[in-house]
Structure formats: structure tokens, C-alpha cells
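Working through the structure, step by step
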Amino acid sequence: MEEQNAVNFMRLLSEESTISAASLDSCEYYQTEIFDQLPSIQASRPEQVRQGLWGACEAHQGGPKAAERIGHGHKDKAFTQPLRNLVMCIQGKRGARDRRNMQISNIGFWESWRRSQSINRKRVWDQMGGGLSGLLPWQHTLHTIEGRFGVGVKAYFVFLRYLVYLNLLHCALVGGFILGPTAFYGRSKSSRPLRFEEKDSVLDFLLGSGYLDRSPVFFGFYTRGSLNLQCLNTPLLYLAGMLIILILSLILVVRRTTVGYKHTWMLGKRYNTNVSFKIFSGWDFTIQDPSAAILKHSYIRNDLKLFLEEESFSRREAGRTVGQALRLYLLRFVLNLLVLSLLAGAFYLIYYGAKTSQKESGHYWLVSLVLQYLPPITITFVNLVLPYIFRKISSFEDYSFTMQVNATLVRSVFLKLGSLGIYLYLILTTTEPHQNPFRCRENVFGREMYKLCIFNFLATFCSTFLLNYPWKLLQEKYPSFLLARLLGKQRFLIPFKVLDLVYSQTVSWVGVYYCPLLPLIGTVTLMATFYIQKFTVLRCCVAEQRMFRGSSSSVLFHFMLLLGLLMAATALGFNLYQQEATPDKSSCGPFGNGETVFNVTRECMNSLPSPAQTTLRYLSSEAFVLPLILAEIIILTSYVSRGRANQKAIERLKDMLVMSSSDKRFLVKQHATGLKRQRQPQRVGCTVIVEDPSPRLT
């Protein structure tokens with residue numbers, strides 16, 4: 001027992017931890033002969049670390065002056081951490097507490113007070129973070145969904161909640177830059193007052209025409225008011241609000257994508273945690289509610305199912321022969337050709353539906369309503385049918401389940417964004433407002449986006465309560481019925497649900513310039529969609545037998561959002577270019593009376609002082625491109641260098657962990673050998689005591 005207490009097998013590999021954990025026992029350990037026999041020391045001898053360790057020993061043996069001299073060079077970050085944040089057992093935390101108390105007695109009052117305040121501040125920040133995280137909406141619902149259906153389904157609802165926050169931010173910007181100045185300063189004197197007319201009807205709220213066309217929902221409502229300065233007027237505020245919405249959306253989506261990508265990269269195959277960690281370290285010991293314990297059990301079970309699914313697929317993939325791989329690649333090539341053919345047919349169907357809806361006809365009001373909604377109906381029908389076909393095709397390509405989900409997402413996002421892009425191109429190129437001088441071109445475009453948003457929500461509502469819920473009731477009441485057995489149980493298909501969210505958010509971004517209240521409509525529809533999908537997943541669906549990792553799919557979710565944002569920016573730029581080429585087409589809204597975005601901004605620039613004009617002209621000229629490219633190259637080079645350095649540090653830490661386990665096995669073997677040597681002399685002594693009296697008896 002004395003020998004065990006005399007040696008402390010603690011490896012001090014970082015310079016920051018040499019002072020806080022240095023003790024007489026550890027110094028004696030590094031001065032022993034067994035230190036040079038460790039596998040990690042024989043493999044590589046880090047001179048800097050050893051010098052730091054010997055310096056710590058000298059500081060301990062030389063008194064407080066030496067310790068103070070070294071302590072100024074290295075700050076002990078672990079000392080300022082709360083004990084509950086340290087990753088160690090209870091006995092280790094008790095030892096750390098005792099060492100802290102001993103160090104506090106050797107330092108001054110001011111240093112002791114500073115460290116205690118640092119610990120208290122970190123504890124307060126942790127408590128505030130935990131309290132704020134508990135205030136997030138739908139937190140309990142997300143935990144319930146995660147426990148029953150896995151982290152993949154939870155990722156969908158987290159993504160939906162993120163879109164709600166994003167649209168709320170858009171609403172605040174629209175209110176500050178557009179609605180507020182218009183309400184305070186009013187509109188132009190030539191604008192008609194907003195009131196119901198005889199021709200208005202309830203159908204206007206579905207078609208976006210009539211009363212709704214003259215309301216603040218659309219572009220034509222916002223005209224110049226009393227705020228009519230050269231650099232502070234309604235057109236510039238309107239343009240600034242829209243640009244800030246797009247730029248902030250770009251920053252937030254890119255940040256979310258990069259953070260998720262780093263998390264996915266760290267959770268890749270090279271850095272995957274083993275099964276023992278999932279089993280022995282996956283439980284949350286703070287759980288007291290039995291229902292929460294059941295949810296945690298389900299979450300761990302789903303995580304293990306996902307891990308075993310990926311491991312079995314990796315073994316099956318590694319066992320393929322060359323012939324099997326060639327046949328598989330040929331099959332995938334043929335299936336990709338089939339996917340391209342389906343996409344081409346879908347795009348032609350959307351083109352035909354858009355051309356048919358633009359024809360003027362004097363049909364009955366219901367037929368006219370269907371014709372005006374024919375493009376949204378066609379797009380929704382194509383987006384509803386083809387993803388199921390893509391999902392069936394991906395099942396024949398012999399991918400892992402996570403890869404099947406991602407392949408279906410990639411193919412379906414091309415379908416969604418491609419169909420929307422074709423429809424936008426047809427609207428921008430075929431709308432001719434000069435045929436009707438009282439027809440606002442921007443209102444026509446915003447009306448189409450409004451109809452797409454409304455019809456997408458109606459499709460979600462009807463598919464849940466007119467299809468999924470009756471399907472579930474049929475299975476519950478008549479389980480032996482032939483139709484119920486053929487349909488089977490419902491699954492929550494994450495790729496298709498995510499595509500609906502990406503599609504709706506892309507429509508909101510594209511139409512926000514022409515329909516400023518579209519973010520508010522999108523916020524209401526997204527919140528309603530959350531509860532509709534919650535009812536679908538908890539009441540109508542069963543858990544998926546095959547799980548997929550939600551971290552990689554979450555990155556793909558935000559990457560698809562980024563593609564939708566780029567499409568919105570492209571559509572806006574194309575429309576503004578058309579206005580500059582043919583300024584007579586813009587005859588309403590803040591840029592009415594022949595004005596364009598470029599004319600208004602040029603007038604503001606000409607009113608600025610000459611130094612400001614020179615600076616702005618330089619920033620918008622070709623001469624600024626070269627310094628900008630050089631600055632981007634330098635920034636990217638620094639980030640790439642930092643990433644490579646971090647990767648090398650991670651590799652070194654992995655090697656240190658491996659060598660640490662080798663050291664532990666070596667020390668256990670040496671300890672067992674020492675115990676055997678101690679027992680052998682005792683046995684020899686016992687045999688001598690027994691054999692000595694025998695000659696005396698004879």
C-alpha cells in the first residue's frame with residue numbers, strides 16, 4: 001500500500017498543466033528509471049515537455065520563488081474551471097479540490113480573490129446559458145421526438161425552428177425599413193386610399209388580386225411620401241431593407257453551414273467514438289423523471305442501431321469483388337440516366353402548365369381559379385410524386401441508409417429548385433405590363449410568389465388531415481383489411497419534409513422584394529407547419545427501422561438553403577437589370593414614374609461630398625478588384641494554414657492517447673511482475689521454515 005501511494009502515474013503533456021498538477025510525487029515519478037522505459041518515451045522524447053516538467057519539479061523543490069517565476073509564464077486554466085466541469089471521477093475531483101486549497105494557502109489574497117471570482121463568473125454564465133436554453137420554444141417536444149424517432153427527425157424540427165427565427169428577423173427588418181417609414185411619413189398624394197370596392201371578393205385573398213393587390217402586402221403600395229430627401233427616401237429605404245435581408249440571410253446560413261460541417265467532420269469515420277463510450281458514457285445521471293429515462297433509453301438504442309447499420313455496410317462494402325463493383329457502377333449509371341429523364345419530363349410539364357395558365361379565358365370562376373393555380377398545382381404534383389420515385393431508385397444503388405437519404409435529397413433539391421427556376425424565368429420573360437397600363441409588373445410577380453406560398457401550405461395541411469390521418473385510422477380500426485395491409489405503416493420521410501421547407505423558404509426569399517409581407521406570411525405558415533408535422537409524426541407515424549445520422553444531413557439542409565438564397569439573389573438581379581434596360585416597365589411602387597434602382601442610387605451618390613464620391617467610385621470600379629482578390633487570398637491562406645496546423649495537432653493528440661494506453665498496459669504489467677517477485681521470497685521463506693526442523697527430528 002505504501003508503494004502504491006508513493007507513485008502517482010499522472011502524465012503531464014501540456015505546458016499549461018505543469019504547474020497546477022505538479023507535486024512531489026509526480027516529480028519523483030519522472031525521476032524514476034521506469035519513466036525512461038515507457039513506450040511513449042521510447043517512441044518519441046518531446047524535449048520541450050520534459051524541460052517543462054523538470055522546471056515544474058525545480059519550482060516545487062526550490063520554494064515559492066521558483067514556483068512564482070514559472071507560474072507567471074504559464075497560466076493554469078484548469079484551476080479556474082468549476083470542479084463539475086472537469087472530466088474526471090469523484091476521487092479525482094476531491095484531489096483537485098485539495099490541491100486548490102493547498103495552492104490558495106501559498107498565494108496572496110488578491111490572486112486568491114481573482115481566481116474565485118473567475119470561477120464564480122463561469123458558474124453564473126453556465127447557469128444563465130442553461131436557463132436560456134430552457135426558454136427555447138418547443139424544447140420538450142424536440143426531446144420527445146428525439147427519444148421516439150431518433151436524432152434525424154429531431155434535426156428536421158430544429159431546422160424548421162431555425163427558419164421561424166430567420167423569418168422573424170426578416171419581419172423586424174421589413175417593419176423597420178419599410179412599414180415604419182411608410183406609416184409615419186405616409187404615401188404620395190396621388191395614391192388611392194385603401195378601401196374595399198365593389199369588385200373585391202373573398203377569392204382575392206387566394207389569388208392576391210383586388211383588395212389584396214392594393215394593400216401593403218405587395219410592392220405597388222409603397223410610394224414616395226413626405227420623406228423625400230436625396231439620400232433618405234422611401235425607395236432607398238426599401239432597397240436597403242431588401243439588401244440587408246439577403247446579406248444577413250447569407251451570413252447566417254453560411255455560418256450555420258460551416259459550424260455544422262466542422263461538427264460533421266469531427267464526427268467522421270476517423271474520429272468516431274467507439275461502442276464502449278456510447279454504452280458506458282452515454283447516460284445522463286441527472287435524469288429523475290421516468291418518462292425522460294425512457295426517452296434517453298430510446299435515444300441510446302437508436303444511436304447504437306445507426307452505428308451497427310453503418311458498420312455492417314462498411315464490412316459489406318469492403319468485401320466486394322472487382323466484378324461486383326463494376327456491375328454496381330454500371331447499374332448506378334443507368335439509374336442516374338433515368339433520374340435525368342424524369343427531371344426533364346417534370347420541367348417540360350411545368351413549362352406547359354405555366355403557358356396554359358397565361359392564356360386569357362372567360363370561364364366559370366372555379367375553372368378560372370384552377371387555371372390561375374395551375375402552375376402551383378403542377379409544381380406541387382411533380383414535387384410530390386418524383387421524390388418517392390427517387391427514394392425507390394436510391395434503394396437499388398446499394399448505398400448506406402444515410403447516403404440514400406442524402407442522394408434522395410440532392411436529386412429532389414434539383415427538382416424543387418429547378419422547377420421554381422423555370423417558373424421564375426417564364427414569369428420574368430413573358431409578363432408584358434404594357435398591354436395593361438394599370439397593371440403593376442412587380443405586383444404580378446409578387447402575386448405568383450404569394451400563390452406558391454399559400455398553395456404549399458394548403459398542400460401540407462390537406463396531406464396531413466385528408467390523407468395521413470385517415471390512413472392511420474384505417475390501420476387502427478381495420479388492421480386486417482386488405483387495403484390497410486397493402487399500404488403498410490407510415491414513416492416520417494425526412495428528405496421530402498425538408499424539401500418542402502427549403503422550397504417554401506426559397507419562395508419567401510424570391511418574393512420578399514415584390515411582396516414585403518411574405519416573411520410574415522411565411523412565419524405564420526411555418527409555425528402552423530410545426531404543429532401539423534408534430535401531429536403527423538407523433539400520431540400517424542411509427543419509428544423508422546433504419547436510422548441515419550442527422551449531423552451530416554443537417555449540413556445538407558443548410559447547403560440547400562444556401563442554393564435557394566443564391567437563386568433568390570439571381571432572380572432579383574435579373575429583374576433589376578431588366579428595369580434598367582427597359583425603364584418604362586416599372587410604373588408603380590417606390591420606383592415609379594420611370595425611376596429605377598440605378599437612377600435613385602446615382603442621384604444619392606451625386607449629392608455626396610467629392611471625397612465620398614471618389615471613394616464609392618473606386619470601390620465600384622475594376623481597380624478595386626485586384627486588392628480585393630489579394631485580400632481574399634491572404635485570408636483564405638491563413639485559414640487553410642490554421643486548419644492544417646489544427647489537423648496536425650489532432651493527429652498528435654490521437655497518437656498521445658494511443659501511447660497513453662500503451663503506457664498504462666506497460667505499467668500494469670510491471671506492477672504485476674513486481675507483485676510476483678514480492679510473493680516468491682515469502683514462499684521460499686515458508687518452505688525453509690518447514691524443512692529446517694526435519695533433521696532435528698531424525
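Residues numbered from 1 in each chain as written. Predicted model: local features only at pLDDT ≥ 70, side-chain atom pairs only at ≥ 80, totals over all residues. Heavy atoms only, no water.

1. Considering the overall build of the chain
The condition that has to hold: Every helix listed is a DSSP run of H or I at least four residues long, and every strand listed is a run of E at least two residues long, numbered separately from the N terminus. Under the scheme applied here, a residue whose accessible area is under 20% of the maximum for its type counts as buried, over 50% as exposed, and between as partly exposed, the area being computed with a 1.4 Å probe on protein chains only. What sets the accessible areas is the Shrake-Rupley method with a 1.4 Å probe; for residues, cover comes only from the shown protein chains.
Per the secondary structure count, the chain includes 26 helices and zero strands. Among the 698 residues that make up the chain, the fraction classed as buried is 37%. Here the chain displays about 41200 Å² of accessible surface, and carbon together with sulfur accounts for 63% of that area.

2. Observations regarding empty space enclosed by the protein
Put simply, the rule is: Here a cavity denotes a set of grid points, spaced 1 Å apart and computed over the protein atoms alone, in which a 1.4 Å probe fits but from which it cannot get out, and a pocket denotes an open set meeting protein on both sides within 12 Å along at least five of seven lines; residues with an atom within 4 Å of a point are reported as lining. Grid points are joined across faces, edges and corners, and a volume is the space filled by probe spheres set on the points.
Taken as a whole, this structure holds two cavities of 30 Å³ or more when the rule is applied. Of the volumes computed, that of the largest cavity is approximately 220 Å³. Around the largest cavity, the lining is made up of 19 residues, and of these N456, S504, T525, L526 and T529 lie nearest the centre. Among the elements of the structure, α9 (151–185), α18 (441–477), α20 (494–511) and α21 (518–540) are those that each provide at least two residues to the lining of the largest cavity. There is about 40 Å³ of room inside the second largest cavity.

3. Looking at the packing of aromatic side chains
For the record, the criterion: Each Phe, Tyr or Trp ring (for Trp, its six-membered ring) is paired with any other whose centre lies within 6.5 Å, and the angle between the two planes then decides the class: stacked below 30 degrees, edge-to-face above 60, tilted in between.
All told, the structure shown has 22 aromatic pairs when counted by the stated rule. For the ring pair Y156 and F492, a centre distance of 5.4 Å and an interplane angle of 65° mean the geometry is edge-to-face. Of the two residues, Y156 is situated in helix α9 and F492 in the loop between α19 (482–487) and α20; the sequence distance between them amounts to 336 residues. Judged by relative accessible area, which is 1%, Y156 ranks as buried. A relative accessible area of 6% places F492 in the buried class.

4. Regarding the state of the cysteines
Just so we agree on the cut-off: Here, two cysteine sulfur atoms that lie within 2.5 Å of each other are counted as a disulfide.
Evaluated as defined, the whole model comprises one disulfide. There is a disulfide in this structure between C231 and C604, and the S-S distance comes to 2.1 Å. Between C231 and C604 the sulfur-sulfur dihedral comes to about 115°; the bridge is accordingly right-handed. Here C231 is found in the loop between α10 (204–207) and α11 (234–266), whereas its partner C604 is found in helix α23 (residues 597–606), with 373 residues between them in sequence.

5. Digging into a nonpolar patch on the surface
Worth spelling out the cut-off: Patches were defined on residues exceeding 30% relative accessible area and lacking a salt bridge, with like-charge contacts within 9 Å and nonpolar side-chain contacts (Val, Leu, Ile, Met, Phe, Trp, Tyr) within 5 Å. For salt bridges, the criterion is a side-chain nitrogen of Lys or Arg within 4 Å of an Asp or Glu carboxyl oxygen.
Taken together, L349, F381, L384, V385, Y388 and I389 make up a surface patch of nonpolar side chains, about 530 Å² in accessible area. A per-element tally of the nonpolar patch places helix α16 (residues 374–395) first, with five residues. Among the secondary structure elements, F381 is positioned in helix α16.

6. Structural notes on the pattern of salt bridges
In this structure the tally under the stated criterion is seven salt bridges. The salt bridge partner of D398 is R316, with a shortest N-O separation of 3.7 Å. On the criterion of sequence distance, the pair formed by D398 in the loop between α16 and α17 (401–430) and R316 in helix α13 (residues 290–318) is long-range, its members being 82 residues apart. By relative accessible area, which is 26% here, D398 ends up partly exposed. With relative accessibility at 45%, the residue R316 sits in the partly exposed group. The closest approach of N and O atoms between R539 and E476, which form a salt bridge, is 2.8 Å.

7. Structural notes on the packing of α20 against α21
Packed helices, taken two at a time, are described by the angle between their axes plus the distance between the axes. To keep it simple, the criterion reads: Lines fitted to C-alpha atoms define the axes here, with helix axes fitted over just the stretch in contact, and angles between the N-to-C directions of these axes take values from 0 to 180 degrees. Each angle receives one of four descriptions, namely roughly parallel if under 35 degrees, roughly antiparallel if over 145, roughly perpendicular if within 65 to 115, and oblique otherwise. The contact criterion used throughout is that any non-hydrogen atoms of two residues lie within 4.5 Å. Just so you know the grouping, Ala, Val, Leu, Ile, Met, Phe, Trp, Tyr, Cys and Pro go in nonpolar, Asp, Glu, Lys and Arg go in charged, and all remaining residues, Gly too, go in polar.
At a minimum axis separation of 10 Å, α20 and α21 run at an interaxial angle of 170°. In terms of orientation, α20 lies roughly antiparallel with respect to α21. Where α20 abuts α21, its residues K497, L501, S504, Q505, V507, S508 and G511 lie against L518, P519, L526 and Q533. Residues that form the contact of α20 with α21 fall into these classes: five nonpolar, five polar and one charged.

8. Focus: the environment of W283
Mapped onto the fold, W283 is located in the loop between α12 (275–280) and α13. The exposure class of W283 is partly exposed, given its relative accessible area of 29%. Sequence separation of W283 and Y299 is 16 residues, and the distance between their C-alpha atoms is 9.9 Å. Residue contacts for W283: discarding those within four places in its chain leaves A293, K296, H297 and I300.

9. Some thoughts on α18
This is how it is decided: For a helix, the expected span equals 1.5 Å multiplied by the number of residues minus one. The reported bend at a residue is simply the angle between two axes, fitted to the 7 residues ending at it and to the 7 residues beginning with it.
Compared with the 54 Å implied by 1.5 Å per residue over 37 residues, the 53 Å span of α18 between its first and last C-alpha is a close match. Of all the bends in α18, the greatest, near 30°, is centred on S463.

10. Comments concerning the nonpolar core
Put simply, the rule is: We define a nonpolar core as any set of buried Ala, Val, Leu, Ile, Met, Phe, Trp, Tyr and Cys residues linked to one another through side-chain atoms lying within 4.5 Å.
Counting 92 residues, the largest nonpolar core has F157, M449, V498 and Y513 as the members making the most contacts within it. Ranked by the residues each element gives to this core, the list is headed by α9, at 13 residues. L335, V339, L386 and I393 belong to the second-largest nonpolar core, a separate cluster that totals nine residues.

11. A look at the side chain of T506
Tracing the sequence through the fold places T506 in helix α20. Discounting chain neighbours no more than four positions away, the residues touching T506 are L417, L420, G564 and M567.

12. Description of the side chain of S508
Mapped onto the fold, S508 is located in helix α20. Dropping the residues within four chain positions of it, S508 is found in contact with N167, L518 and P519.

13. Quick word on the confidence of the model for the chain
Selection criterion: pLDDT: the predictor's confidence for each residue, scored from 0 to 100.
The share of residues in the chain with pLDDT of 70 or more is 74%, and the mean pLDDT across the chain is 75. Below a pLDDT of 50 lies the segment residues 1–31, which in the model reaches 56 contacts outside its immediate sequence neighbourhood of four places, other chains included.

14. Notes on the packing of α17 against α18
What counts, and what does not: In this scheme, a crossing is called left-handed if the near helix is turned counterclockwise away from the far one by less than a right angle; it is called right-handed if the turn is clockwise.
Where α17 contacts α18, the two axes come as close as 11 Å, and the packing angle between them is 155°. When the axis of α17 is compared with that of α18, the two are roughly antiparallel. With respect to the hand of their crossing, α17 and α18 are arranged in right-handed fashion. Listed contacts from α18 to L420, Y423, L424, I427 and L428 of α17 are R441, F445, E448, M449 and L452. Counted by class, the contact of α17 with α18 contains eight nonpolar, no polar and two charged residues.

15. As for the environment of S508
Classification of S508 by relative accessible area gives buried; the value is 6%. Along the chain, S508 and M449 lie 59 residues apart, while their C-alpha atoms are 7.6 Å from each other.

16. A word on α20
Taking 1.5 Å as the rise per residue, α20 with 18 residues should run 26 Å; its terminal C-alpha atoms sit 26 Å apart, in good agreement. The element α20 is extensively covered by neighbouring structure, given that 17 of its 18 residues are classed as buried.

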